[in-house]
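Each chain, written out:
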Amino acid sequence: MAEISHTLCRRRQNKDTVLMVDDNPANLQVLQTILEGQGCRLLTARDGTSALSVAAKEKPDVILLDIMMPEMDGFSVCRNLKADPATFEIPVIFLSAPERTEDKVRGLEMGAVDYITKPFQPEEVIARVTTHLTLRYLERQLRIANTELKELTDNLDKKVEERSQQLIRSRDSIIFVMAKMTEARDDDTGKHLERICRYVEILAMELAKTDASITDSWIRTVVKTAALHDIGKVGIPDGILLKKGQLTPEEREIMETHPAIGGDTLLELREEMGGGGPYLSRAIEITLGHHEKWDGSGYPFGIKGEAIALSARLVAVADVYDALVSHRIYKSGLSHEDACRLIQEGAGTHFDPRVVNAFEAREDDFRRIALSMCDDKTHQGECG
Ligand SMILES: [Fe+2]
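Calculation rules
Residues numbered from 1 in each chain as written. Predicted model: local features only at pLDDT ≥ 70, side-chain atom pairs only at ≥ 80, totals over all residues. Heavy atoms only, no water. Buried < 20%, exposed > 50% of the residue type's maximum accessible area, 1.4 Å probe, protein only. Helix = DSSP H or I, 4+ residues; strand = E, 2+ residues; numbered from the N terminus. Arc of directions from axis to C-beta. Contact = heavy atoms within 4.5 Å. 1 Å grid on protein atoms, 1.4 Å probe; cavity = no way out; pocket = protein on both sides within 12 Å on 5 of 7 lines; lining within 4 Å. Points joined across faces, edges and corners; volume = space filled by probe spheres on them. Nonpolar A, V, L, I, M, F, W, Y, C, P; charged D, E, K, R; others polar. Domains from an automatic or database assignment. Core = buried A, V, L, I, M, F, W, Y, C linked by side-chain atoms within 4.5 Å. Pairing = 2+ DSSP bridges. Patch = residues over 30% accessible without salt bridge, like charges linked within 9 Å, V, L, I, M, F, W, Y side chains within 5 Å. Areas by Shrake-Rupley, 256 points an atom, 1.4 Å probe, with all protein chains shown as cover. Salt bridge = Lys/Arg side-chain N within 4 Å of Asp/Glu carboxyl O. Lys, Arg positive; Asp, Glu negative; His and termini not counted. Charge placed at Lys NZ, Arg CZ, Asp CG, Glu CD. Donors = N, O, S within 2.8 Å, 3.2 Å for Na, K, Ca; no water. Tetrahedral: all angles 85-135°; square planar, octahedral: opposite > 155°, others 65-115°. Axes fitted to C-alpha atoms, helices over the stretch in contact; angles between N-to-C directions. Parallel < 35°, antiparallel > 145°, perpendicular 65-115°, else oblique. Left-handed = near helix turned anticlockwise from the far one by under 90°. Phe/Tyr/Trp six-rings, centres within 6.5 Å; stacked < 30°, edge-to-face > 60°. Lys NZ or Arg CZ within 6 Å of the ring centre and 35° of its normal.

## A few points about helix α14 (residues 336-345)
Here's step 1: Taken together, the buried positions of α14 are occupied by His-336, Ala-339, Cys-340 and Ile-343. Seen along its axis, α14 keeps its buried residues to an arc of 100°; they face one direction.
Here's step 2: Where α14 is buried, its residues touch α13 (310-325), α15 (353-361) and α16 (363-372).

## Some details on the layout of surface pockets
Here's step 1: Of the volumes computed, that of the second largest pocket is approximately 260 Å³.
Here's step 2: In terms of lining, the second largest pocket is formed by 15 residues, of which the most central are Arg-171, Ile-175, Met-273, Tyr-279 and Leu-280.
Here's step 3: Looking at the lining of the second largest pocket, the elements with two or more residues in it are α6 (122-185), α11 (258-273) and α12 (277-289).
Here's step 4: For the lining of the second largest pocket, the leading source of residues is α12, giving 5 residues.
Here's step 5: Grouping the constituent residues of the lining of the second largest pocket by class yields 11 nonpolar, 3 polar and 1 charged.

## Quick word on the domain arrangement of the protein
Buried accessible area, meaning the area lost when the parts come together, often serves as the stated size of an interface.
Here's step 1: Per the domain assignment, the segments of the protein are domain 1 (2-143) and domain 2 (167-372).
Here's step 2: Computed over C-alpha atoms only, the centres of domain 1 and domain 2 are separated by 78 Å.

## Comments concerning the nonpolar core
Here's step 1: Core analysis: the largest hydrophobic core is formed by 48 residues, its most contacted members being Val-200, Leu-203, Trp-218, Leu-314, Tyr-321 and Phe-359.
Here's step 2: If you list the elements that add at least two residues to this core, you get α6, α7 (192-208), α8 (216-225), α12, α13, α14, α15 and α16.
Here's step 3: If we ignore the near neighbours within four places in the chain, the residues touching Tyr-321 are Tyr-199, His-336, Ala-339, Ile-343, Phe-359, Phe-366, Arg-367 and Ala-370.
Here's step 4: Core analysis: the second largest hydrophobic core is formed by 19 residues, Leu-43, Ala-45, Leu-65 and Phe-75 among them.

## Topic: the pairing of strand β5 (residues 114-117)
Here's step 1: When strand β4 (residues 92-96) meets β5, the two strands line up parallel, connected through 4 bridges. From the neighbouring strand, Leu-95 faces β5, where its bridge partner is Ile-116.

## Quick word on a negative patch on the surface
Here's step 1: On the surface, Asp-264, Glu-268, Glu-271 and Glu-272 cluster together into a negatively charged patch.
Here's step 2: Along the chain, Glu-268 falls in helix α11.
Here's step 3: Under the relative-accessibility criterion, Glu-268 is labelled exposed at 57%.

## A word on the coordination of the iron ion
Here's step 1: In the first shell of the iron ion, the protein supplies Asp-230 (OD), His-258 (NE2), His-290 (NE2) and His-291 (NE2), at 2.0 to 2.3 Å from the metal.
Here's step 2: Each of the 4 donor atoms around the iron ion contributes to a set of angles spanning 85 to 173°, which defines the coordination as irregular.
Here's step 3: Read N to C, the donor residues that coordinate the iron ion are spaced as D-x27-H-x31-H-H. Linking Asp-230 in the loop between α8 and α9 (238-241) with His-290 in the loop between α12 and α13, this pair joins segments that are 60 residues apart in sequence.

## Notes on the packing of helix α3 (residues 48-58) against helix α4 (residues 74-83)
Here's step 1: Across the interface, α3 lies against α4 with an axial gap of 9 Å and an inter-helix angle of 25°. If you check the angle between α3 and α4, you find them roughly parallel. Taken as a pair, α3 and α4 cross one another with a handedness that is right-handed. In contact with Gly-48, Ala-51, Leu-52 and Ala-55 of α3, α4 contributes Val-77, Asn-80 and Leu-81.
Here's step 2: Partitioning the contact of α3 with α4 into residue classes produces 5 nonpolar, 2 polar and no charged.

## As for a nonpolar patch on the surface
Here's step 1: Taken together, Phe-176, Val-177, Met-181 and Val-234 make up a surface patch of nonpolar side chains, about 380 Å² in accessible area.
Here's step 2: If you trace the backbone, Met-181 turns up in helix α6.

## Some thoughts on the environment of Ile-34
Here's step 1: Relative to the helices and strands, Ile-34 is located in helix α2 (residues 25-35).
Here's step 2: Exposure remark for Ile-34: the relative accessible area of 11% places this residue in the buried category.
Here's step 3: As for Ile-34 and Asp-23, which are separated by 11 residues in sequence, their C-alpha atoms are 18 Å apart.
Here's step 4: Residues within four places of Ile-34 in sequence aside, it is in contact with Phe-120, Pro-122, Val-125 and Ile-126.

## Description of the packing of aromatic side chains
Here's step 1: Throughout the structure, instances matching the rule amount to 6 aromatic pairs.
Here's step 2: Geometrically, the ring pair formed by Tyr-321 and Phe-359 is tilted, given 5.6 Å between the ring centres and 55° between the ring planes. Taken together, the residues span a long stretch of sequence, with Tyr-321 in helix α13 and Phe-359 in helix α15 at a distance of 38 residues.
Here's step 3: A residue is classified by how much of its surface remains accessible, and Phe-359, at 0% relative accessible area, is buried.
Here's step 4: The structure contains a cluster of three or more aromatic residues connected by ring pairs, namely Tyr-199, Tyr-321, Phe-359 and Phe-366.
Here's step 5: For Arg-106, the ring lying beneath its charged end belongs to Phe-75, and the centroid distance is 4.1 Å.
Here's step 6: When the ring centre of Tyr-115 is taken as reference, the NZ or CZ atom of Arg-128 above it lies at 5.8 Å.

Set out below in structure tokens:
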């Protein structure tokens, strides 16, 4: 500990300046004699006005300030020093007469850090001045360290943000690739996934107008993961998935396993990841629930009403609308009006009535997207 203090003193003394203020030249001479050899630059002032001028110009590291001076006493000098932003941090040590206890208290209350009693004892003067110079040095070092720490923290925040953005991009890419893997096997579905995500976004935004529980973050998550709704189709044999024509009852039964296949796959993924966050949770809801029906007549579980996740109820309407207006090799696309009528007829049986209301409110946007994102090689009912 002693070694550290010694090092600190040596490092500090190279730069330190001490201003001594006293109207009595003999006192200044004594102080100068005591502090010589301490490695400090020594400045003197014989009155308050000069003291303020030297302090402002030289920014000393400590000021030894006599209290009893003609014209401007030490208290006034101290008050002026503390009122000036350029000098308020400079430690002031008052030089006081031994019997003037009230002066010492008043000085400390005005912001002085210490006092030295006259007549001066060399050891006391050196000890008190050294202590406050060391404190001043440590304060400066602490300020530098804080600045460096803040810069490091700012850089760290920036790096964390960059890394987070990279992870978000990776996650979105993985979702997109997973969804595209399914789509790639079913060449007939064209831009189906992109349209579904847009339809779901419109429905969610419409519902959010009257439902405070639907947050922007929830909408973003649902819109991203809606593309995964048919991921379970990777488990459906080509002969059924790619069949040109109506499926037999047996084939339909196999086709209807795709929500469970997709849901189970994502549930396993969540277990492996020990969680997975909101994206995986929404993806599981949507994959498992997008063929459930409001009245309980859907699959795979036959659950009904609000037991079906809202995210899946949104995808159900979006998915059916897209299928209705799309032309496939085995069927022609319906007009937008016919598709709207069928969606409306399904309110309360196939679909959540609240979601159908949102669809009705925004059906023009559905038509616009159906037209603007029309597949080239297939033909929407609206396009053809
Ligand atoms: Fe599906």
